[in-house]
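So you can see what is in the structure, the chains are spelled out below.
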Amino acid sequence: MLTLFEIFLIGVGAGMLGAMLGIGGGVILIPLLTGLIGLPIKTAIGASIVSVIATSSAAGAVYVGRGLTHTRLSMTLEIATTLGALAGGITAVLINPNLLAGIFGIVLVYVALSLRGIKKDSDRVEETGFLDTSYIDPLTGEPVKYGVHHFPLGMAASFVAGNISGLLGIGGGVIKVPIMSLVMGLPMRAAIATSNFMIGITAATSAIIYYQHGYIDPSIAIPTALGVLLGAQIGSRLGSRVQSHRLKQIFQILLLVFAAQMLFRALTGAT
Amino acid sequence: MAESPQDQIHVNPNLNDLVSGISETTQQAQVLREQRDVNGVVHQMLIIGLGISTSLMVFGLALDLFFHRVPPTVVPNLGDVFSRMLELRPSGFLAAGLLVLIITPVLRVVGSIFAFLYERDYLYVGITMLVLIIVIVSMILGKG
């Protein structure tokens, strides 16, 4: 039986790694909670969704304060993410846990592969006459003006991201950020800030469902959430210094190990 | 978009008016300022919600440790949370902390509806209300 403090430490670790790599803690947290503590996957998902809301609110406040979030675009895309989360949350409480583990394993492979990551702005950052906005680049002090490309595609991707979020208890930024940056033409900073902002309400939509079905275990979810909040604070301060390729490669291998573990669980039904 | 340097540097708008001696009169500047208002509302709501929920969680855990009890593994029914808090039971504070955390983004949406109403941006009042309706549907459909 792990103590509160040990669960808290798992949260700190997941929060730190997540912030340093620019992904939410959920993809790390759930494999750790199921693998290290042997929690049922649905309990791990319930704990993760709570942490996801906490980090989204904390980081969201910072980004909104800096004016990096495209508030109007996020409100519009939230229609799609919350609908997706509603469907995903209801599916999650109904389906077989082994199937959930299998889907999680596949998503982990996707995250590991997508992590080689394009961090540069796409060359499509321009005003389009649709939801044009601007922010002040924190590095150069220059205003960056941009509009939105391919809005319908963005809505579709947001629905998928919300659906995965509701189903697996992760934030879904791994799906939204690349689409917003590469397809919709948002500058990278704005894409990250806007995606993160949307995650809070999306995760709350499915968390309400998990709560009422008893999948949020306070003795797990609360130390985890407090740990992730602290870890994310530490990670975001370390982040810029440790942005090495080595860290990414190690993490990619770690994610693939997690994926193998999840797929094994799905096939054997080991709990 | 507004081109004057005063508009680009986002200082306190009132201070900005004092410095420049004129208020931002163009419609663009007006839009910029209103956007700052929505962001300000959202920013404060997120921080306050996070502060209250983490305080409740830490207090609940501290009560558990103080009484040498193991934290509960199930959340109480929504109706019982408040009465448990009045009885100073840790489970009440822990559940309240979780609920405040979950509700914070929802209140952020409600706050934005009012901010958009104040700006008379009725398209976004509608869009934001639609998001709120979806969340309420999930609350109803998600009953255990």
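None of the values given here were measured: they were computed from a predicted structure.

What follows covers the interface of chain A and chain B. Between chain A and chain B, the contact holds 45 residues from the first and 47 residues from the second. Per-element accounting of the side of chain A that touches chain B gives the leading share, eleven residues, to helix α4 (residues 71-94) of chain A.

The geometry of helix α8 (residues 188-212) of chain A relative to helix α6 (residues 122-141) of chain B is characterised by a closest axis approach of 8 Å and an angle of 20 degrees between their N-to-C directions. Our classification of the angle between α8(A) and α6(B) gives roughly parallel. Seen along the crossing, α8(A) lies across α6(B) with a hand that is right-handed. In contact with Ile201(A), Ala204(A), Thr205(A), Ile208(A) and Ile209(A) of α8(A), α6(B) contributes Val131(B), Ile134(B), Val135(B), Ser138(B) and Met139(B). Partitioning the contact of α8(A) with α6(B) into residue classes produces eight nonpolar, two polar and no charged.

Turning next to the pairing of strand β2 (residues 143-146) of chain A. Residues and elements named next belong to chain A. Relative to β2, strand β1 (residues 133-136) runs antiparallel, the two being bridged by four bridges. Within β2, the residue paired with Ser-134 across the bridge is Lys-145. As consecutive antiparallel partners, β1 and β2 are separated by six residues, and within that stretch Gly-141 has a phi angle of approximately 75 degrees, a positive value.

All names here are of chain A. For Leu-36, the location among the structural elements is in helix α2 (residues 26-36). Looking at Leu-36, the number of C-beta atoms within 10 Å reads 12, which means it is exposed. Sequence separation between Leu-36 and Gly-46 is ten residues, and the spatial gap between their C-alpha atoms is 16 Å.

On to the nonpolar core, then. Where a protein is soluble and globular, its nonpolar side chains tend to be buried together. Counting 119 residues, the largest nonpolar core has Val50(A), Ile53(A), Ala54(A), Leu108(A), Ala204(A), Ala207(A) and Leu98(B) as the members making the most contacts within it. At 15 residues, the largest contribution of residues to this core is made by α8(A). Non-local contacts of Ile53(A), meaning those with residues more than four positions away in its chain, are made with Gly200(A), Ala203(A), Ala204(A), Ala207(A), Leu101(B), Ile102(B) and Pro105(B).

Right, let's get into helix α5 (residues 90-118) of chain B. Residue and element names in this part refer to chain B. Between its terminal C-alpha atoms α5 stretches 40 Å, which fits the 42 Å expected from 29 residues at 1.5 Å a residue. Largest kink in α5: about 35 degrees, centred on Thr-104, with the proline Pro-105 one to four residues after it. Note on α5: the residue one or two positions beyond its end, Arg-120, has a positive phi of about 60 degrees.

Reading the values: rules and limits
Residues numbered from 1 in each chain as written. Chains lettered and ligands numbered in written order. Predicted model: local features only at pLDDT ≥ 70, side-chain atom pairs only at ≥ 80, totals over all residues. Contact = placed C-beta atoms within 7 Å. Helix = DSSP H or I, 4+ residues; strand = E, 2+ residues; numbered from the N terminus. Axes fitted to C-alpha atoms, helices over the stretch in contact; angles between N-to-C directions. Parallel < 35°, antiparallel > 145°, perpendicular 65-115°, else oblique. Left-handed = near helix turned anticlockwise from the far one by under 90°. Nonpolar A, V, L, I, M, F, W, Y, C, P; charged D, E, K, R; others polar. Pairing = 2+ DSSP bridges. Buried ≥ 20, exposed ≤ 12 C-beta atoms within 10 Å, placed from the backbone. Core = buried A, V, L, I, M, F, W, Y, C linked by C-beta atoms within 7 Å. Expected span 1.5 Å × (residues − 1). Bend = angle between axes of the 7 residues up to and from the residue.

From the geometry alone we can't say anything about function, so treat these as descriptive.
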